[in-house]
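Residues per chain are reported as follows:
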Amino acid sequence: MITLEEKSCSLVTTSSIGVACVKMDFPAPVVALLLCVLILVFLINIINGRKSDKYSNFPPGPRPLPVIGNLHIFNLRRPYLTLLELYKKYGPIFSIQMGRKRCVVLAGYKTVKDALINHAEEFGEREKMCLFKIIDDNHGIIFSHGENWKVMRRFTITTLRDFGMGKSTIEDTIMEECDYLIQHFESYEGQPFDNMMIMNASVANIIVAIVLGHRYEHNNPTFLRLLSLINENLRLLAAPMVSLHNAYPFIGFLPGAHKTLIKNVKEINDFLSSTFVKYLQQLDANDQRSLIDAFFVKQKEDNSNPDTYFNDKNLKSIVRNLFSAGMETTSTSLRWGMLLMMKYPHIQRKVQEEIERVLGSAQARYEHRNSMPYTNAVIHEIQRFANILPMSLPHETATDVTFKGYFIPKGTAVTVLLASVLHDEGHFEKPKEFYPQHFLDSEGKFVKKEAFIPFSAGRRICAGETLARMELFLFFTSLLQKFTFRLPPGVTDVDFTPAEGLTLPPMPHKICAVARS
């Protein structure tokens, strides 16, 4: 029993099994404080008890520490390396805790396929992350949700197809850009150069042609500024401060990479706002020149609907999404391809021999891939080996789901460890080596591999996959037709250590593109 008097009180506790009694005198404010603490602890225990019930059949994982969870064991700059180690210990489905937020990790092809294909609805949501709430606020297609995501994704895929994705019209645009790229490479006359910005510019111009309806010269300062902002943002997304901000939103006021990223997005949005004004002034619904035009036409058709999804915020996010995704993955894969050709000149020669046999001096077309199994296999192996998006993009459970015997509540963050799929020993004979035979049968014919999912799978599969496949084949084949890639003088080997970022590009390096006679 507890009695409280004006100036003092007696705190008495009795054992339920005996007569032991302890009597202590405390000032009233102290007792009140103690009562508050006891009540708070009691409530926390109730909440934690409910959480324990909620997570009683949760996938296993490393024991989290209070407040920080499992952050102390993570390589925050290369988190996929930590996850690959945990995969070895806990198996294809396990959990981690980032701060107080629990996350399920899916690894290995069998588990990933089961989740993304067979349970597409349950695992088809995008994780709601603090930083992307600030940047996109549920707009665009990559980090949006619900009906907005469905409407914007449908519009984007339809419009990409209308403007040539998968058709000969966009193929002509790609080949035109290949010609500009080849001229640039030729200008170095076999001398070493860094190919990062020119590859980014060349690939980005394909998206620019669709989104803006024209191309930029490679030395255009506005274009180069946009590319540098996109590149910087992709690198900043891997910064530890970004991970910490997503785990602990309240630290957002502190300086760091997250602040720079938000500032860069604002600069890109300012450029897009001024661009939209010009396009709107010149809009002709009967002569749509670009994705922006198509969006504005939809906006005008839907202007009587106050809840329309065709608003300027969605348009800005879509364009940024397409610029980033459409440029980075393809240009990075091509840069890895050139590095690998320098590392393995015998593979480069075999590709060139097939090009000579099938194309001669003729220009490559996408349909030629069916007659070029070795080249096709090499391109697929470049994507598999490069592993440029090792953790895919973060997912979230859309509903409660029982998966592989574990209960995963609605709203749980889900990481798809694509690195474990592309390097799955059950599907690739030599997963850690560059081995084009992974995609060839005993007769040298190209074979598809079900575990080859560099664009992810399910509801959130990359919207531009068809375009990316076409770009990779045409750019790679055209470059190998015109050049032999060699290491710069004095360089004896290739460094396959990836740089840090949301994607994994090669470390800064130089190449020599020697013209073939």
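If you're wondering where the values come from, they're calculated on a predicted model, not measured in any experiment.

**Topic: helix α8 (residues 221-236)**
Then comes step 1: Taking 1.5 Å per residue as the helical rise, α8 with its 16 residues ought to reach 22 Å, and the 22 Å between its terminal C-alpha atoms agrees with that figure.
Then comes step 2: Along α8, the residues that are buried comprise Phe223, Leu226, Leu227, Leu229, Ile230, Asn231, Asn233, Leu234 and Leu236.
Then comes step 3: For α8, the elements touching its buried residues are α7 (196-211), α9 (240-247), α10 (257-281) and α12 (312-343).
Then comes step 4: One side-chain oxygen of the residue at the start of α8 lies 2.9 Å from the amide nitrogen of Thr222, identifying that residue as Asn220.

**Points about the pattern of salt bridges**
Then comes step 1: In the structure shown here, the tally under the stated rule is 23 salt bridges.
Then comes step 2: Here Asp172 ties to Arg365 by a salt bridge, and the two come within 2.9 Å at their closest N and O atoms. With Asp172 in helix α6 (residues 168-186) and Arg365 in the loop between α13 (345-358) and α14 (373-386), the pair connects residues that are 193 residues apart, well separated along the chain.
Then comes step 3: You can call Asp172 partly exposed: its relative accessible area is 42%.

**Regarding the pairing of strand β10 (residues 413-417)**
Then comes step 1: Of all the five residues making up β10, five are buried; the element is thus mostly covered by neighbouring parts of the structure.
Then comes step 2: Here β10 shows no split at all, with Ala413, Thr415 and Leu417 on one side and Val414 and Val416 on the other all buried.
Then comes step 3: Strand direction decides the pairing type here: strand β5 (residues 101-107) and β10, joined by five bridges, are parallel. The residue of β10 that forms the bridge with Cys103 is Ala413.

**Let's talk about the sheet that holds strand β6 (residues 125-126)**
Then comes step 1: Overall, mixed pairing links the five strands, which are arranged β4-β5-β10-β7-β6 in an open sheet. Each having just a single partner strand, β4 (93-98) and β6 make up the two edges of the open sheet.
Then comes step 2: Sheet strands touched by helix α3 (residues 109-118): β5, β7 (395-396) and β10. Its angle to β5, the strand with the most contacts, is close to 115 degrees.

**As for the packing of aromatic side chains**
Then comes step 1: Under the criterion given, the structure shown has 22 aromatic pairs.
Then comes step 2: Summarising the aromatic geometry, the rings of Phe276 and Phe296 are spaced 6.0 Å apart at their centres and angled 90 degrees between planes, so their arrangement reads as edge-to-face. On the criterion of sequence distance, the pair formed by Phe276 in helix α10 and Phe296 in helix α11 (residues 291-301) is long-range, its members being 20 residues apart. Of the two residues, Phe276 and Phe296, both sit in the buried class.
Then comes step 3: For the cation-ring pair, Arg126 lies above Phe143, with the distance from its terminal atom to the ring centre recorded as 5.8 Å.
Then comes step 4: One cation-aromatic arrangement involves Arg215 over Tyr180; the distance from NZ or CZ to the ring centre is 3.8 Å.

**Structural notes on the environment of Arg235**
Then comes step 1: Relative to the assigned elements, Arg235 resides in helix α8.
Then comes step 2: For the pair Arg235 and Ala499, spaced 264 residues apart in sequence, the C-alpha separation works out to 8.6 Å.
Then comes step 3: Those residues within four positions of Arg235 in sequence are excluded, and the remaining contacts are Glu328, Glu500, Gly501, Thr503 and Pro505.
Then comes step 4: A polar contact of 3.0 Å, which involves the side chain of Arg235, links it to the side chain of Thr503.

**What about the environment of Ile96?**
Then comes step 1: Within the secondary structure, Ile96 is located in strand β4.
Then comes step 2: Once you skip the residues sitting within four places of it in the chain, Ile96 turns out to touch Asn70, Phe74, Leu83, Leu86, Lys101, Arg102, Cys103 and Val105.

**Notes on helix α2 (residues 79-90)**
Two residues of an α-helix separated by three or four positions point the same way, owing to the 3.6 residues in each turn.
Then comes step 1: Compared with an ideal rise of 1.5 Å per residue, which puts 12 residues at 16 Å, α2 spans 16 Å between its outermost C-alpha atoms and is within 8% of the ideal.
Then comes step 2: Taken together, the buried positions of α2 are occupied by Tyr80, Thr82, Leu83 and Leu86. The arc that holds every buried residue of α2, seen down its axis, measures 150 degrees, which confines them to one face.
Then comes step 3: For α2, the secondary structure elements touched by its buried residues are β4, β5 and β10.
Then comes step 4: Directly after α2, the chain includes Gly91, whose backbone phi takes a positive value near 95 degrees.

**Details of the nonpolar core**
Then comes step 1: Within the largest apolar cluster, 128 residues are counted, with the highest numbers of intra-cluster contacts made by Leu106, Phe123, Phe185, Phe323, Val378, Phe476 and Phe485.
Then comes step 2: No other element matches the 13 residues that α12 contributes to this core.
Then comes step 3: Non-local contacts of Leu106, meaning those with residues more than four positions away in its chain, are made with Pro92, Ile93, Thr111, Val112, Ala115, Phe123, Phe403, Val414, Thr415, Val416 and Leu417.
Then comes step 4: One finds Phe74, Leu86, Cys103 and Ala107 within the second-largest nonpolar core, a separate group that totals 18 residues.

Rules behind the numbers
- Residues numbered from 1 in each chain as written.
- Predicted model: local features only at pLDDT ≥ 70, side-chain atom pairs only at ≥ 80, totals over all residues.
- Heavy atoms only, no water.
- Helix = DSSP H or I, 4+ residues; strand = E, 2+ residues; numbered from the N terminus.
- Expected span 1.5 Å × (residues − 1).
- Buried < 20%, exposed > 50% of the residue type's maximum accessible area, 1.4 Å probe, protein only.
- Contact = heavy atoms within 4.5 Å.
- Polar contact = N/O pair within 3.5 Å; in protein donor to acceptor, adjacent residues only side chain to side chain.
- Salt bridge = Lys/Arg side-chain N within 4 Å of Asp/Glu carboxyl O.
- Pairing = 2+ DSSP bridges.
- Axes fitted to C-alpha atoms, helices over the stretch in contact; angles between N-to-C directions.
- Phe/Tyr/Trp six-rings, centres within 6.5 Å; stacked < 30°, edge-to-face > 60°.
- Lys NZ or Arg CZ within 6 Å of the ring centre and 35° of its normal.
- Arc of directions from axis to C-beta.
- Core = buried A, V, L, I, M, F, W, Y, C linked by side-chain atoms within 4.5 Å.

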